[in-house]
Structures are given as structure tokens and as C-alpha cells.
Amino acid sequence: QVQLVESGGGLVQVGGSLRLPCVAPGRTFSRYAVAWFRQAPGQERALVAAVASAGDTHYVEFAKGRFTIARDNAKNTVYLQMNSLKPEDTAIYYCAARDYYIGGGAAQYNSWGQGTQVTVSS
């Protein structure tokens, strides 16, 4: 397992942008696949995007064209860039990690951050 720390959340207006960093302090991050999930009140935690250790990426449908996941192994950081935000993007955003390959769902990730709140106001 690896410690993960998210930040970058906040209150933003519709159409705005946020960038969420996920940092693994003091660890070699390159071996891990990292994913961003989100959880809105009363809903299950849902995958947003993921990047494998080799760099290939995966996006769920609502994230395509608006969100970008990118990793900077030199900084032990994975970023989620979110553009054209909508009220339905309001949720707690979590990053998660597992060895090497992108997992199919939340249960396949064994390391989690504490989450960061994103609120999109209309």
C-alpha cells in the first residue's frame, strides 16, 4: 500500500476548471496505476479516470473531452484536470492506487487518499 494525499478541491462556478493533484509522499510512484474516483451524497463511489504505470489512460463516458488525467513520476504526482465543470460533477474526489495496471473498479485498488471536495455552483 501507498499513502496518497489529494488536494485542489473547492467551490467553482459552472463552466470553470479545477486541477486536483494526488501525491504519494516519499514513494516511487511510477510502479503504480492511479485512478480518480468520485462519490456524491447517496451514491456509490464511481470511477472517473485512470492512468497505468506505463502511461495508458482510461476515461469513463462523462469524463471524456472534459477531464484529463496525467502523471508526473518525477514529482510522485498524478493530476486530474477538470474543465467545463457542471453541477453534477459535485462530489468528493478520491485518488486510489494499485500495482501497475488499471483496475476494473474500486475494490481492485488497495490504497486510497482521504478525498477532496469539489462543489460546482450554478
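Residues numbered from 1 in each chain as written. Predicted model: local features only at pLDDT ≥ 70, side-chain atom pairs only at ≥ 80, totals over all residues. Heavy atoms only, no water.

K.L.:
Requested: an account of the state of the cysteines, with residues and values cited.
P.N.:
A complete count under the given rule lists 1 disulfide for this structure. Put simply, C22 and C95 are joined by a disulfide, and their sulfur atoms are 2.1 Å apart. Torsion about the S-S bond of the C22 and C95 cystine: about 65°, corresponding to right-handed handedness. Placement of the pair is C22 in strand β3 (residues 18-23) and C95 in strand β9 (residues 91-99), with a sequence separation of 73 residues. Note on C22: relative accessible area 0%, which makes it buried. (Disulfide = S-S within 2.5 Å. Helix = DSSP H or I, 4+ residues; strand = E, 2+ residues; numbered from the N terminus. Buried < 20%, exposed > 50% of the residue type's maximum accessible area, 1.4 Å probe, protein only.)

K.L.:
Requested: an account of the nonpolar core, with residues and values cited.
P.N.:
Of all hydrophobic cores here, the largest spans 36 residues; its most connected members are W36, L80, M82 and Y93. Secondary-structure elements contributing two or more residues to this core are β3, β4 (32-39), β5 (46-51), β7 (67-72), β8 (77-82), β9 and β11 (116-121). Discounting chain neighbours no more than four positions away, the residues touching M82 are G16, S17, L18, L20, R66, F67, Y93 and V118. (Core = buried A, V, L, I, M, F, W, Y, C linked by side-chain atoms within 4.5 Å. Contact = heavy atoms within 4.5 Å.)

K.L.:
For the packing of aromatic side chains, give the residues involved together with the corresponding values.
P.N.:
All told, the structure shown has 5 aromatic pairs when counted by the stated rule. Geometrically, the ring pair formed by Y100 and Y101 is tilted, given 6.1 Å between the ring centres and 50° between the ring planes. Given a relative accessible area of 39%, Y100 falls into the partly exposed group. An aromatic cluster of at least three residues, connected via ring pairs, comprises F37, Y94, Y109 and W112. Over the ring of F29 we find R71, and its NZ or CZ is 5.8 Å from the ring centre. One Lys or Arg, R98, reaches over the ring of Y109 and ends 6.0 Å from the middle of that ring. (Phe/Tyr/Trp six-rings, centres within 6.5 Å; stacked < 30°, edge-to-face > 60°. Lys NZ or Arg CZ within 6 Å of the ring centre and 35° of its normal.)

K.L.:
For the sheet that holds β3, give the residues involved together with the corresponding values.
P.N.:
In space, the 4 strands of this open sheet follow the order β1-β3-β8-β7, with antiparallel pairing throughout. Pairing within the sheet leaves two strands with one partner each, and these edge strands are β1 (5-6) and β7. (Pairing = 2+ DSSP bridges.)

K.L.:
Describe in detail the pattern of salt bridges, supporting the description with residues and values.
P.N.:
Scanning the entire structure with this criterion turns up 4 salt bridges. Note that D99 and R31 form a salt bridge whose closest N and O atoms lie 3.0 Å from each other. Placement of the pair is D99 in strand β9 and R31 in the loop between β3 and β4, with a sequence separation of 68 residues. For the salt bridge of D89 with R38, the shortest nitrogen-to-oxygen distance reads 2.8 Å. Pair noted here: D89 is in the loop between β8 and β9 and R38 is in strand β4, with a separation of 51 residues, a long-range link. Look at D89 and you get buried, because its relative accessible area is 0%. Judged by relative accessible area, R38 falls into the buried class, the value being 12%. Here the residues in one salt-bridge network are R38, R66 and D89, joined through shared partners. (Salt bridge = Lys/Arg side-chain N within 4 Å of Asp/Glu carboxyl O.)

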